[in-house]
Every structure is written in structure tokens, then in C-alpha cells.
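Residue strings, one per chain:
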Amino acid sequence: LGGDEFVMLLAGAAREQSDRIAERIGHRLAVENEAALCRGYRLQYSVGHIEFDDRRHTCVADLLAAADAAMYAHKRASRLARPDAAALHAPRMTA
């Protein structure tokens, strides 16, 4: 895990519950972005939803690798859906 990545383990949670949590995070970031328009950058997130499968995830590293791959797929899909997303990562420069 990198400096701006974190994991949430939702033991016993159904996919619908984890989807709702991800939606709440997205909503909270949208509220924060709206409140801080003068900040010069937007907060964004990508989610890597996976469900544990003991046949595929034989160790924690397998589980994290699957979540990481899912997160990068979400990030790519978000950028394709929103071509200006890459620009949102770059800080705005002022003279």
C-alpha cells in the first residue's frame, strides 16, 4: 500500500453494503470539493471491490493484489468516463 492508499476489510458485509459505503465516501468527497472550490484541486478516489475467495486468494498478498487490480480498473474507467479527470490531479499554477 502506498502513501495515499488504504484498505477497508468489511468482514461479513454483502456487496451491496460495501457499495453503499463506497457511495457514501464519494458523496462526502463531493461535498468537501464543493465546500473548498478555492483549493485548486479536487479530491478523488478509486475503489477496488473484491470478495474473498479461498480458492483464488491463498494469502493476504493475493487478496491485496486482486483489490489493487480492481482499483486500477475503476480508476481507468473513471478517467475514460471523464476525460478531464487527469487534469484534476495536476495542481493549478498561479502567477
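Now for a quick tour of the structure.

Calculation criteria
Residues numbered from 1 in each chain as written. Predicted model: local features only at pLDDT ≥ 70, side-chain atom pairs only at ≥ 80, totals over all residues. Heavy atoms only, no water. Phe/Tyr/Trp six-rings, centres within 6.5 Å; stacked < 30°, edge-to-face > 60°. Lys NZ or Arg CZ within 6 Å of the ring centre and 35° of its normal. Salt bridge = Lys/Arg side-chain N within 4 Å of Asp/Glu carboxyl O. Buried < 20%, exposed > 50% of the residue type's maximum accessible area, 1.4 Å probe, protein only. Helix = DSSP H or I, 4+ residues; strand = E, 2+ residues; numbered from the N terminus. Polar contact = N/O pair within 3.5 Å; in protein donor to acceptor, adjacent residues only side chain to side chain.

### Overview of the packing of aromatic side chains
Then, in step 1: Counted by the stated rule, this structure contains 0 aromatic pairs.
Then, in step 2: Positioned above the aromatic ring of Y41 is the side chain of R39, whose terminal nitrogen or guanidinium carbon lies 4.9 Å from the ring centre.

### A short note on the pattern of salt bridges
Then, in step 1: All chains considered together, the criterion is met by 4 salt bridges.
Then, in step 2: Among the salt bridges present, the one from R39 reaches E32, with a minimum N-O distance of 3.5 Å.
Then, in step 3: Under the relative-accessibility criterion, R39 is labelled partly exposed at 22%.
Then, in step 4: One network of salt bridges, with partners in common, ties together R28, E32 and R39.

### Regarding the side chain of H49
Then, in step 1: Inspection of the secondary structure assignment puts H49 in the loop between α1 (15-35) and α2 (60-81).
Then, in step 2: Only 3.2 Å separates the side chain of H49 from the side chain of R15, close enough to count as a polar contact.
Then, in step 3: Looking at H49, its side chain comes within polar contact range of the side chain of D19, at 3.3 Å.

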